[in-house]
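What follows is each chain in one-letter form.
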Amino acid sequence: LNKLNLKNLINLIINNKIILTFVALLILFVSYLLLPTFYKQSELSEKLKSELSTKLNLNFKFSDKLSYNFFPKPHFIISDTIINYKKEDLFQIDKLKVNISSDNLFSLENINIKDIELENANFYLNQKNFDFFLQLLNNKFDTKTVKIINSNVFFKNSYNEVLFINKILNMKYFYDPKELKNIIISENEIFNIPYQIKLYDDKINKKLWSEINVSLFKLKL
């Protein structure tokens, strides 16, 4: 108390103002990030389906029950999702993560999808839909990225019998601004043999370019 003179008192008030200002700004920022929790679930579900269909040309089917979190970045988690491809429900996704931009969260109409992650998905491919992964290369990814993690691809014959299973450890679709191409990079496993693949659709030369690397056999095609 003996040291509490006018100068020290002014410094104390200034420091407290700085702390209170910082706390107030933090509360405002967190409140802003929490705005999507107040969106109407049914409208939000339709908005996300529409955005995914427009930007990725994929028909997603999921319920209105979505969970939201802003850490480490704003995103929605959707369980039990189905992708309809060529008028068939063939792709089942246990966990769909939709990352959104934090630029403007005040309105549902301003929601902007940045990238999506498909985790623990099962893809059932046959002669009719085997080109699914290649068709994704034709989409306009721009700054968006599609990731597929810990998933399985079941290849079936005309009798609906499973011929073999390809495990996707980590697959990534993205746009490379240097090469000006949509690219797939995937780490896979088939018959317990790990391999990597990179491919893109060369629109100029009208060729599908691919690179397959089987490190176990030191084979590169």
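Below is a short write-up of the structure. Small disclaimer: the values here were computed from a predicted structure and weren't measured.

Quick word on the overall build of the protein chain
- Along its length, the protein chain carries three helices and eleven strands.
- The C-alpha radius of gyration of the protein chain comes to 24 Å, more than 25% above the 17 Å expected for a compact globule of 221 residues.
- The principal-axis extents of the C-alpha atoms in the protein chain amount to approximately 90 × 45 × 35 Å.
- The burial tally for the protein chain puts 37% of its 221 residues in the buried class.
- Working note: accessible area of the protein chain is about 14,200 Å², and carbon and sulfur atoms make up 57% of it.
- Within the protein chain, the 23 negative side-chain charges are centred at a point lying 6 Å from the centre of the 30 positive side-chain charges.

Section: the pattern of salt bridges
- Applying the stated criterion across every chain, the model contains four salt bridges.
- One salt bridge connects Lys-47 with Glu-51, and the closest N-O pair in it is separated by 3.4 Å. Remark: Glu-51 and Lys-47 occur in helix H2 (residues 41-56); sequence separation between them is four residues, near one turn of the helix. Across the pair, exposure class does not vary: Lys-47 and Glu-51 are buried alike.
- The salt bridge partner of Lys-220 is Glu-211, with a shortest N-O separation of 3.8 Å.
- The class for Glu-211 is partly exposed, based on a relative accessible area of 26%.

Observations regarding the pairing of strand S8 (residues 181-190)
- With respect to burial, S8 is a largely interior element, seven of its ten residues being buried.
- As judged from the ten bridges shared by strand S7 (residues 162-176) and S8, these two strands associate in the antiparallel manner. When the sheet's bridge partners are listed, Ile-168 is paired in S8 with Asn-188.
- Between S7 and S8, which pair antiparallel one after the other, the connecting turn spans four residues, and Leu-180 there sits at a positive phi close to 55 degrees.
- Here S8 hands over to strand S9 (residues 193-202) after two residues, with Phe-191 in that stretch at a positive phi of 55 degrees.

What counts, and at which threshold
- Think of each chain on its own: its residues are numbered from 1, step by step along the sequence as written.
- The predicted nature of this model means local features are confined to residues of pLDDT at least 70 and side-chain atom pairs, given and counted, to a pLDDT of 80 or more, with totals for whole chains, interfaces and linings taken over all residues.
- The side-chain quantities take in all heavy atoms of the structure and omit both hydrogens and water.
- Runs of H or I in DSSP of at least four residues are treated as helices and runs of E of at least two as strands, each being numbered from the N terminus.
- The globule rule used here is 2.2 Å times the number of residues to the 0.38 power, and the radius of gyration it is set against is calculated over C-alpha atoms.
- Categorising residues by exposure relies on relative accessible area from a 1.4 Å probe, with only protein chains included: less than 20% of the type maximum marks a residue as buried, more than 50% marks it as exposed, and the intermediate range marks it as partly exposed.
- The Shrake-Rupley method, run with a 1.4 Å probe, gives the accessible areas here. Residue values count only the displayed protein chains as cover.
- As used throughout, the charge tally considers Lys and Arg to be positive and Asp and Glu to be negative, leaving His and the chain termini uncounted.
- By convention, the point assigned to a charge is CZ for Arg, NZ for Lys, CD for Glu and CG for Asp.
- Basic side-chain nitrogens of Lys or Arg form a salt bridge, by our definition, when they fall within 4 Å of a carboxyl oxygen of Asp or Glu.
- In this scheme, strands are said to pair when DSSP sees at least two bridges between them.

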